[in-house]
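Now for the letters of each chain:
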Amino acid sequence: MGKGKTSITNTIREQRFHAGEMTQAELADAIGVTRQTVIAMEQGRYSPSLEVAFRVARAFGKPLEDVFRYEG
């Protein structure tokens, strides 16, 4: 797989909105990454490690499959 969009899509932006309009910085702090990483994940430019993906889902109290989808 080259550069550009990944085969994994996510609903992070939508999940942040439903979590009381959580900011990107608040999510970054909650999962231990930078705001730039959250931005890249939302834009589909970066696929997180499995550990970070689980942390994101846990931050929203959602199953992993509600936040990340693999378009293989």
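Residues numbered from 1 in each chain as written. Predicted model: local features only at pLDDT ≥ 70, side-chain atom pairs only at ≥ 80, totals over all residues. Heavy atoms only, no water.

S.K.: It is not clear to me how the pattern of salt bridges should be interpreted in this structure. Could you clarify?
M.R.: Opposite charge on two side chains permits pairing when their charged atoms draw close. For the coordinates displayed, the defined rule picks out two salt bridges. The salt bridge partner of Glu 42 is Arg 16, with a shortest N-O separation of 2.5 Å. Linking Glu 42 in helix H3 (residues 35-42) with Arg 16 in helix H1 (residues 12-18), this pair joins segments that are 26 residues apart in sequence. As far as the burial class goes, Glu 42 and Arg 16 line up, both buried. (Salt bridge = Lys/Arg side-chain N within 4 Å of Asp/Glu carboxyl O. Helix = DSSP H or I, 4+ residues; strand = E, 2+ residues; numbered from the N terminus. Buried < 20%, exposed > 50% of the residue type's maximum accessible area, 1.4 Å probe, protein only.)

S.K.: Teacher, can you tell me more about empty space enclosed by the protein here?
M.R.: Any empty space left between atoms is shown by rolling a water-sized probe over those atoms. Evaluation of the coordinates by the stated rule reveals one cavity of 30 Å³ or more. Of the voids in this model, the largest cavity is the one considered here, and its volume is about 30 Å³. Considering the residues around the largest cavity, the lining is formed by 10 residues, among which Ile 8, Asn 10, Tyr 46, Pro 48 and Phe 68 are closest to the centre. For the lining of the largest cavity, the leading source of residues is strand S1 (residues 8-10), giving three residues. Here the lining of the largest cavity is built from residues that sort into five nonpolar, five polar and no charged. (1 Å grid on protein atoms, 1.4 Å probe; cavity = no way out; pocket = protein on both sides within 12 Å on 5 of 7 lines; lining within 4 Å. Points joined across faces, edges and corners; volume = space filled by probe spheres on them. Nonpolar A, V, L, I, M, F, W, Y, C, P; charged D, E, K, R; others polar.)

S.K.: What is the right way to read the environment of Gly 32 from this model?
M.R.: Here Gly 32 shows up in the loop between helix H2 (24-31) and H3. Between the alpha carbons of Gly 32 and Arg 55 there is a distance of 8.7 Å; along the sequence they are 23 residues apart.

S.K.: Mind showing me how you'd approach the environment of Lys 62 here?
M.R.: Relative to the helices and strands, Lys 62 resides in the loop between helix H4 (50-60) and helix H5 (64-67). Residues Lys 62 and Gln 15, 47 residues apart in the sequence, show an inter-C-alpha distance of 9.1 Å. In this structure Lys 62 touches Gln 15, Ala 57 and Val 67, once residues within four positions along its chain are discounted. (Contact = heavy atoms within 4.5 Å.)

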